[in-house]
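# Structural features, examined
Next come the chains, spelled out residue by residue.
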Amino acid sequence: MTKKVDKKKYVRYQEGSEIYSMSVRKFQDLAKDAGAVYKVGKMALVNCEIFDRYMETFKL
């Protein structure tokens, strides 16, 4: 039985670090390098689609 996981398009740093199993600081740095960060007022959101494409560039 496969389990469907609904993935959000935008996440905050804390949630993204939990999803991708890394520290908040590392997720923040990688998201900025990927150009996936959107500032909405004082809130920062990360576009997971852009972040995923960036992460694929590290594939061995």
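Cut-offs and rules
- Residues numbered from 1 in each chain as written.
- Predicted model: local features only at pLDDT ≥ 70, side-chain atom pairs only at ≥ 80, totals over all residues.
- Heavy atoms only, no water.
- Pairing = 2+ DSSP bridges.
- Helix = DSSP H or I, 4+ residues; strand = E, 2+ residues; numbered from the N terminus.
- Contact = heavy atoms within 4.5 Å.
- Axes fitted to C-alpha atoms, helices over the stretch in contact; angles between N-to-C directions.
- Parallel < 35°, antiparallel > 145°, perpendicular 65-115°, else oblique.
- Nonpolar A, V, L, I, M, F, W, Y, C, P; charged D, E, K, R; others polar.
- Buried < 20%, exposed > 50% of the residue type's maximum accessible area, 1.4 Å probe, protein only.
- Core = buried A, V, L, I, M, F, W, Y, C linked by side-chain atoms within 4.5 Å.

## Some details on the sheet that holds strand β3 (residues 43-47)
Spatial strand order, β1-β3-β2: 3 strands in an open sheet with antiparallel pairing. What marks the edges here is a single partner per strand, and that holds for β1 (10-11) and β2 (37-40). In the sheet, β2 pairs with β3 via 4 bridges, with the strands oriented antiparallel. Residue pairing in the sheet places Lys39 in a bridge with Ala44 of β3. Running at roughly 55° to β3, helix α3 (residues 48-56) makes contact with β1, β2 and β3 of the sheet.

## Description of the packing of helix α2 (residues 24-34) against α3
Axis separation between α2 and α3 bottoms out at 9 Å; the angle between their running directions is 90°. Here α2 lies roughly perpendicular to α3, going by the angle between them. Within the contact between the two elements, α2 uses Phe27, Leu30, Ala31, Asp33 and Ala34 and α3 uses Ile50, Phe51, Tyr54 and Met55. Taken together, the residues of the contact of α2 with α3 break down into 8 nonpolar, no polar and 1 charged.

## Here's the deal with the pairing of β3
With respect to burial, β3 is a largely interior element, 4 of its 5 residues being buried. Here β1 runs beside β3; their pairing, made up of 2 bridges, is antiparallel. Note that in β3 the partner of Val11 across the bridge is Val46. The hairpin turn running from β2 into β3, its antiparallel successor, is 2 residues long, and Gly41 in that turn takes a positive phi close to 65°.

## Considering the nonpolar core
Across soluble globular proteins, nonpolar side chains have a tendency to be buried as a group. Of all hydrophobic cores here, the largest spans 13 residues; its most connected members are Val11, Tyr13, Tyr20, Phe27, Ala36, Val46 and Phe51. Of all the elements, α2 adds the most residues to this core, at 4 residues. In contact with Phe27, not counting residues within four places along its chain, are Val11, Arg12, Tyr13, Gly16, Ser17, Tyr20, Met22, Val46 and Phe51.

Honestly, that's just the spatial picture; any functional story needs more than this.
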